[in-house]
Amino acid sequence: MATTTCLLSSARCSAKHPINFKAHDLKTALASVVKPPTQKLKNPSLKVEAVKALKMVSTTILDTMVDFIFQFVDQPMIPSQKNFAPVEEIGELIKVDCFQGNIPEDFPEGVYIRNGSNPLFGGLKLAVSVFGKTDSLWIEGEGMLHALHFKKDEQGKWSFYYKNRYVETDTYKMESKRKKPAFLPIVEGDPLATLAASFFNVLRFGQEYKIMSNTNVFEHGGKHYSTAENYIPQEIDLISLETYGNWNPGRTWSRPLTSHPKKTPGTGELVTVGFEAKKPYCIVGIVSADGKELVHKLDLQLDQCSLFHDVGVTNKYTILVDFMLTLSPERVMKGGSLFKYEREKDARIAVIPRYGDADSIKWFHIEPCVS
Ligand SMILES: [Fe+2]
């Protein structure tokens, strides 16, 4: 029946995690600027309106500052990346008339979903400023779902229909409404420019980066999800391609969730992993078969943030590979990259009993396996 596809190899998987700017402190500082005048107002409704107006003014001032300091420029696409150039969102289901090849007799009806990044506003952007330049990685861009429907009539004649639609994440909706790029690229670039871009993203939107949701599509508990490494999954409808919103397993996950969770043989539970650049660095989670509860959480108790990209499962064990790609906001503050391969250290494999604790993890050291 439905076929879901992760077209992106591990190299494409995004893993952008928050640099720990103190967004709350910044917002508090901003709020303190607007507080005194509103405190003098006795009428509550007037006070609410005044706060709204002041927030709007502060937002406008920040937008104007960003527009003054940064300029968005189309990012050149190298020839090998042109297959990933964005396409238009067509919205409606259209009949596909051109067809080549043969369909096997026993091929089932259903829908094939292809997903990938499809940057808004004509392609990826870089931002130029007095601080230097920041670029987008080619894996970035809003997620788009492409659905190809296979339908067979009673005479056995096939018909094909196509539809595409953006995964409408919160940041997609916000940027679409603005009708222009808003988030500054932060993943690559000159250190000072990256720092400034991150600062303004956090100050304006409370987060450093956009939600991509462009890496994988999976099913769990009868529902379907689109996801990427840097956020929680988005529930989607495979037929209409509508986005229903964020999926936070058990409402207690509270961190990005791997794009590659695995369903366990037998129980049908979902094993997942999520990492952040602050402690606890890496959490393994087990979601109930119906998708409603987070039934187990395990802090791996790592002493550094390491990217555990994929998940393996057997009947009894969860298997993770730590190939020593670490994330460190401190490196960015010193002008380095957020990610670093710790080539001098062995890669390692963790074998964990399904509901085990940190003491039950068995580590097996292996030769570095990423070039
Ligand atoms: Fe991935």
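From a predicted model like this one, the values you see are computed outputs, not experimental measurements.

What counts and what doesn't
Residues numbered from 1 in each chain as written. Predicted model: local features only at pLDDT ≥ 70, side-chain atom pairs only at ≥ 80, totals over all residues. Heavy atoms only, no water. Pairing = 2+ DSSP bridges. Helix = DSSP H or I, 4+ residues; strand = E, 2+ residues; numbered from the N terminus. Core = buried A, V, L, I, M, F, W, Y, C linked by side-chain atoms within 4.5 Å. Buried < 20%, exposed > 50% of the residue type's maximum accessible area, 1.4 Å probe, protein only. Contact = heavy atoms within 4.5 Å. Arc of directions from axis to C-beta.

1. A few points about the pairing of strand 6 (residues 132-135)
Part 1 of the reasoning: As paired elements, strand 5 (residues 125-129) and strand 6 share 3 bridges and run antiparallel to each other. Pairing of Ser-129 across the sheet is with Gly-132, part of strand 6.
Part 2 of the reasoning: Taking the residues that link successive antiparallel strands as the turn, the strand 5-strand 6 hairpin has 2 residues.
Part 3 of the reasoning: Alignment of strand 6 against strand 9 (residues 188-189), held across 2 bridges, turns out to be antiparallel.

2. Observations concerning the nonpolar core
Nonpolar side chains tend toward joint burial in soluble globular proteins.
Part 1 of the reasoning: In this structure, Val-273, Val-284, Leu-298, Leu-300, Phe-308, Leu-320 and Ile-352 are the most contacted members of the largest nonpolar core, which totals 23 residues.
Part 2 of the reasoning: Setting aside chain neighbours within four positions, we find Leu-298 in contact with Cys-282, Ile-283, Val-284, Ile-352, Gly-356, Asp-357, Ala-358 and Ile-361.
Part 3 of the reasoning: Leu-62, Ala-196, Leu-203 and Tyr-209 belong to the second largest nonpolar core, which has 11 residues in total.

3. Examining the environment of Met-324
Part 1 of the reasoning: Within the element layout of this structure, Met-324 appears in strand 19 (residues 317-327).
Part 2 of the reasoning: In sequence terms Met-324 and Lys-340 are 16 residues apart; their C-alpha atoms lie 8.0 Å from each other.
Part 3 of the reasoning: The residues touching Met-324, leaving out its near neighbours within four places in the chain, are Gln-304, Ser-306, Lys-340, Tyr-341, Glu-342, Lys-345, Asp-346, Ala-347 and Arg-348.

4. Considerations on helix 3 (residues 170-178)
Part 1 of the reasoning: All of the buried residues in helix 3 are Thr-171, Tyr-172 and Glu-175. Seen along its axis, helix 3 keeps its buried residues to an arc of 105°; they face one direction.
Part 2 of the reasoning: The secondary structure elements touched by the buried residues of helix 3 are strand 8 (158-166).
Part 3 of the reasoning: Phi for Lys-179, located one or two positions after helix 3, is positive at around 60°.

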